[in-house]
Protein chains: 2
Amino acid sequence: MKISEIGGEFAFIKRVTGEAGTDPALVQGVGDDCAVIDCGGSGYLLVTVDMMVENTHFSLDWYSPCQLGAKLMEVNVSDIVSMGGTPRWAFISLALKPDTPVEFMDEFYRGLYWSAARHGVVLAGGDTTRGREMVLNLALAGDVEKKGVRLRSGARPGELICVTGTLGKSEAGLRLLMDGKRDGYLSGYLEPRCRLASEGRAIAAYAGAMIDVSDGLASEVGHICERSGTGARVDRDAIPLSPGTRDAAREVGDDPYDYALYGGEDFELVFSIAPERREPLARVFTDFTVVGEVLPKERGIIMTAGERTIDLKGGYDHFGK
Amino acid sequence: MKISEIGGEFAFIKRVTGEAGTDPALVQGVGDDCAVIDCGGSGYLLVTVDMMVENTHFSLDWYSPCQLGAKLMEVNVSDIVSMGGTPRWAFISLALKPDTPVEFMDEFYRGLYWSAARHGVVLAGGDTTRGREMVLNLALAGDVEKKGVRLRSGARPGELICVTGTLGKSEAGLRLLMDGKRDGYLSGYLEPRCRLASEGRAIAAYAGAMIDVSDGLASEVGHICERSGTGARVDRDAIPLSPGTRDAAREVGDDPYDYALYGGEDFELVFSIAPERREPLARVFTDFTVVGEVLPKERGIIMTAGERTIDLKGGYDHFGK
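Here the structure is a predicted model, which is why all the values come from computation and not from measurement.

**Description of the sheet that holds strand 1 (residues 26-28) of chain A**
Residues and elements named next belong to chain A.
Phase 1 of the analysis: In space, the 6 strands of this open sheet follow the order 1-2-3-6-4-5, with mixed pairing throughout. The open sheet is flanked by strand 1 and strand 5 (122-130), the only strands paired with a single partner. For this sheet, the mean angle separating the axes of adjacent strands, direction not counted, is 20°.
Phase 2 of the analysis: The pairing of strand 1 with strand 2 (residues 35-37) spans 2 bridges and is antiparallel. Following the sheet pairing, Leu26 is matched in strand 2 by Ile37.
Phase 3 of the analysis: In this fold helix 3 (residues 102-119) packs onto strand 4 (86-96), strand 5 and strand 6 (135-145), with an angle of close to 165° to the strand it touches most, strand 4.

Okay, here's the thing in structure tokens:
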């Protein structure tokens, strides 16, 4: 039986994490952007891992090594920031093809260290080995004040659902590249920049639940609802799209909202917030948009678009379909 | 320029970790079995990562999925134990071929969880994706009392060099497999078992430097000497070999000491200890052998074998030769 036949990546993870074990110091294990660990200090330790595989996650025809290095760091930092935390210590594992030029890796590390410096992260360890295709894995640890940690499970009915920045710009770049374009609005895909810890902390002080956009808004809202035991309604027309994303979708012949909902890799933040906290947040952080509301579970997870109401399906699944 | 042309894996790591950054909380970064981090609690946090790549580190013709899962855990636990620490929280990243059967992965996780339970480790997070060959990465965090941490840099001239258990048994199994054997003394390679944290802690209470055997005794002694600023002498005939390792080497036509010195993956512990502490240690832990002594740096890193004295060369290098 193939993994796709049991329901794909998320179903597989549920199947194999049944025996993960328990530990009183593990405040949050599998099931959020990071694990949350109580190491006995004043805050919590946060840990996340992300793996990027050549030909699955990236093509070397499209990415410069410098862009790859920066992206590997940004995708992981985003997970720490989405918990309200501060990224600190990175551990890199690389499988490199035997003929990988040193100059390529110098450029890769230039991008990695550029992003690390932007976020105040130090490289604390790693493992380098060989493979038939390039595999890049980063484990990233950070810290967070105990009262500052925000989980996917923190949403309550009546809260607003908000997103930072704009969505769909990564998918827009990918679609342009797949369409044969080699310039234009590609940076959202090739050079994604996650939010800074200072921004995540500012939001965390007011938010209920928080998550980053890895798999698309539909998937992230679904994760929040699943972990919070709620439903949700997303107002499609409120989803913030950049002019570049709209232009790219028009050029390729796609619906730009599909990019935002199912594209992923925007590394913006999705959070829930009590209505009365929206204004106080806006006094310290402005770059967010209200796109919906948290509903009681029995109302389901829906999207309204004008007069229509539709079910909001899950995001990209590495083993689905 | 290829990585092998600049001197292989270790030279590459030195080249790319020049800009790794600094952080006062990072007690030990790149250059030991684990990073050592001060998170503000009473002890230190230890973190290690190891990546295993199909066809580089393992062949699916030889390993059962259950053996693979257990080995992935054991190789990482070994790094924590070699610092005197206790393994706690594991984060797994998997790149799987799209046609990987679920039953294969069930068996893989059975092995992983078996080993995790043996060491008291919980699985706290991960990432699952696709690749053309199987890549298994584990990031493992643990803790250690501040005074209990043992680094590679802790050796002093005059100390004895000791190893736990026997060496060469992993290479013995690999050589038998490469020679076409499908049964016999294979468990050292297919089912390596690292030392328990209780053993590592018992040794750490008396040891100067400590390291685990990943790349072979010659390489590990070299690492201790490099980080401690010392030389060393290994007495070849004192290296403990199991009868099975001797038999396997005879069968294949090899020198069993080469397995111990350059084979690696035995996941035993190598440590230095002041001569007067040898007896006190032996009262709490007996399964070790004195194989040499720490020398002043100017004496070099040598091996004596009967009347002969030879230079001790480095261990296996993923990009060397």
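The structure having been displayed, the exposition proceeds.
**Here we look at the pattern of salt bridges**
Residues and elements named next belong to chain A.
Phase 1 of the analysis: Within the structure shown, the criterion is met by 44 salt bridges over all chains.
Phase 2 of the analysis: Between Lys97 and Glu54 there is a salt bridge; the shortest N-O distance is 2.8 Å. With Lys97 in the loop between strand 4 and helix 3 and Glu54 in the loop between strand 3 (43-53) and helix 2 (65-81), the pair connects residues that are 43 residues apart, well separated along the chain.
Phase 3 of the analysis: Lys97 sits in the partly exposed class, given a relative accessible area of 21%.
Phase 4 of the analysis: What makes Glu54 buried here is its relative accessible area of 8%.
Phase 5 of the analysis: Between Lys181 and Asp179 there is a salt bridge whose closest N-O contact spans 2.8 Å.
Phase 6 of the analysis: Residues joined in a network through salt bridges with shared partners are Lys169, Arg195, Glu199, Glu268 and Asp287.

**Examining empty space enclosed by the protein**
Phase 1 of the analysis: Counted by the stated rule, this structure contains 2 cavities of 30 Å³ or more.
Phase 2 of the analysis: Put simply, the largest cavity is a space of about 60 Å³.
Phase 3 of the analysis: If you go around the largest cavity, the residues you meet are Leu45, Val47, Phe91, Ala139, Leu140 and Ala141 of chain A together with Leu45, Val47, Phe91, Ala139, Leu140 and Ala141 of chain B.
Phase 4 of the analysis: Contributions of two or more residues to the lining of the largest cavity are made by strand 3 and strand 6 of chain A together with strand 3 (43-53) and strand 6 (135-145) of chain B.
Phase 5 of the analysis: Grouping the constituent residues of the lining of the largest cavity by class yields 12 nonpolar, no polar and no charged.
Phase 6 of the analysis: Each pocket or cavity is described by its volume, and for the second largest cavity that value is around 50 Å³.
Phase 7 of the analysis: Along the walls of the second largest cavity sit Ile161, Val221, Ile224, Cys225, Thr230, Gly231, Ala232 and Val294 of chain B, which together make up its complete lining.
Phase 8 of the analysis: Breaking the lining of the second largest cavity down by element, the ones donating at least two residues are helix 7 (217-228) and strand 9 (230-235) of chain B.
Phase 9 of the analysis: In the lining of the second largest cavity, the residues fall into 6 nonpolar, 2 polar and no charged.

**Observations regarding the packing of aromatic side chains**
Residue and element names in this part refer to chain A.
Phase 1 of the analysis: What the rule picks out here adds up to 16 aromatic pairs over all chains.
Phase 2 of the analysis: Between the aromatic rings of Phe58 and Tyr63, the centroid separation amounts to 6.4 Å while the plane-to-plane angle is 85°, which identifies the pairing as edge-to-face. When sorted by exposure, Phe58 lands in the same class as Tyr63, which is buried.
Phase 3 of the analysis: Here Tyr109 and Tyr113 contribute two aromatic rings whose centre-to-centre distance is 5.7 Å and whose plane-to-plane angle is 35°, an arrangement assigned as tilted.

**What about the pairing of strand 4 (residues 86-96) of chain B?**
All names here are of chain B.
Phase 1 of the analysis: Of all 11 residues in strand 4, 9 are buried, a share of seventy percent or more.
Phase 2 of the analysis: For strand 4 and strand 6, the ladder comprises 9 bridges, and the chain directions are antiparallel. Within strand 6, the position partnered with Ala95 by the bridge is Val135.
Phase 3 of the analysis: Of the pairings in the sheet, the one linking strand 4 to strand 5 (residues 122-130) comprises 8 bridges and is parallel in character. Bridge assignment links Phe91 to a residue of strand 5, and that residue is Gly125.
Phase 4 of the analysis: One crossover worth recording links strand 4 to the parallel strand 5 by way of helix 3 (residues 102-119), and it is right-handed.

The rules we used
- Residues numbered from 1 in each chain as written.
- Chains lettered and ligands numbered in written order.
- Predicted model: local features only at pLDDT ≥ 70, side-chain atom pairs only at ≥ 80, totals over all residues.
- Heavy atoms only, no water.
- Pairing = 2+ DSSP bridges.
- Helix = DSSP H or I, 4+ residues; strand = E, 2+ residues; numbered from the N terminus.
- Axes fitted to C-alpha atoms, helices over the stretch in contact; angles between N-to-C directions.
- Contact = heavy atoms within 4.5 Å.
- Salt bridge = Lys/Arg side-chain N within 4 Å of Asp/Glu carboxyl O.
- Buried < 20%, exposed > 50% of the residue type's maximum accessible area, 1.4 Å probe, protein only.
- 1 Å grid on protein atoms, 1.4 Å probe; cavity = no way out; pocket = protein on both sides within 12 Å on 5 of 7 lines; lining within 4 Å.
- Points joined across faces, edges and corners; volume = space filled by probe spheres on them.
- Nonpolar A, V, L, I, M, F, W, Y, C, P; charged D, E, K, R; others polar.
- Phe/Tyr/Trp six-rings, centres within 6.5 Å; stacked < 30°, edge-to-face > 60°.
- Right-handed = clockwise from strand over helix to strand, strands pointing away.

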